[in-house]
Amino acid sequence: MVDTITYADYIAGSDLPEVKGLMQKKLPSQILMKRLLVVCSLVVCVAATVVWLSIDSAHKVSSSADQLISHHIPGLSAISTLQSVMNERVIQLYLYYATMQAESGEQLFW
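Notes on the structure in this doc start here.

**Comments concerning the overall build of the protein**
Check the secondary structure of the protein and you find three helices and zero strands. Starting at the N terminus and walking to the C terminus, you meet the elements of the protein as α-α-α. The buried share of the protein, reckoned over its 110 residues, is 3%. Counting only carbon and sulfur atoms, one obtains 68% of the accessible surface of the protein, whose full area is about 9900 Å².

**Overview of the pattern of salt bridges**
Inspection of every chain in the model, using the stated rule, returns one salt bridge. Asp56 serves as the salt-bridge partner of Lys60, at 3.6 Å between the closest nitrogen and oxygen. Within this pair, Lys60 and its partner Asp56 are both found in helix H3 (residues 28–104), separated by four residues, close to a single helical turn. Classification of Asp56 as partly exposed rests on a relative accessible area of 27%.

**Details of H3**
If you check H3, its first and last C-alpha atoms are 107 Å apart, about what 77 residues at 1.5 Å a residue would give, namely 114 Å. At Leu68, H3 shows its largest bend, some 40°.

Parameters at a glance
- Residues numbered from 1 in each chain as written.
- Predicted model: local features only at pLDDT ≥ 70, side-chain atom pairs only at ≥ 80, totals over all residues.
- Heavy atoms only, no water.
- Helix = DSSP H or I, 4+ residues; strand = E, 2+ residues; numbered from the N terminus.
- Buried < 20%, exposed > 50% of the residue type's maximum accessible area, 1.4 Å probe, protein only.
- Areas by Shrake-Rupley, 256 points an atom, 1.4 Å probe, with all protein chains shown as cover.
- Salt bridge = Lys/Arg side-chain N within 4 Å of Asp/Glu carboxyl O.
- Expected span 1.5 Å × (residues − 1).
- Bend = angle between axes of the 7 residues up to and from the residue.

In structure tokens form, the structure reads like this:
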């Protein structure tokens, strides 16, 4: 039985049974490399997913802003104009009935 196996024997593929058994077993460094590869792959996948979600979110925000600017804001400004016209009418009606009351001496309902 061989107590120590040299790296040269391992690489050369020696016919010693200890070297063959060692070659069939996975070395700790090989296991570590595979684990690191899996972890790195997972990190890359998570990073790609985060980037994709960020880009998709940016596109959604951009399209929502375009809709707001092109459709909703003009509609809201039209509603605001209509409300200001209606408020002006209410003021005119109030003044009309206030002057009618003052002329006739009657009291208003409100």
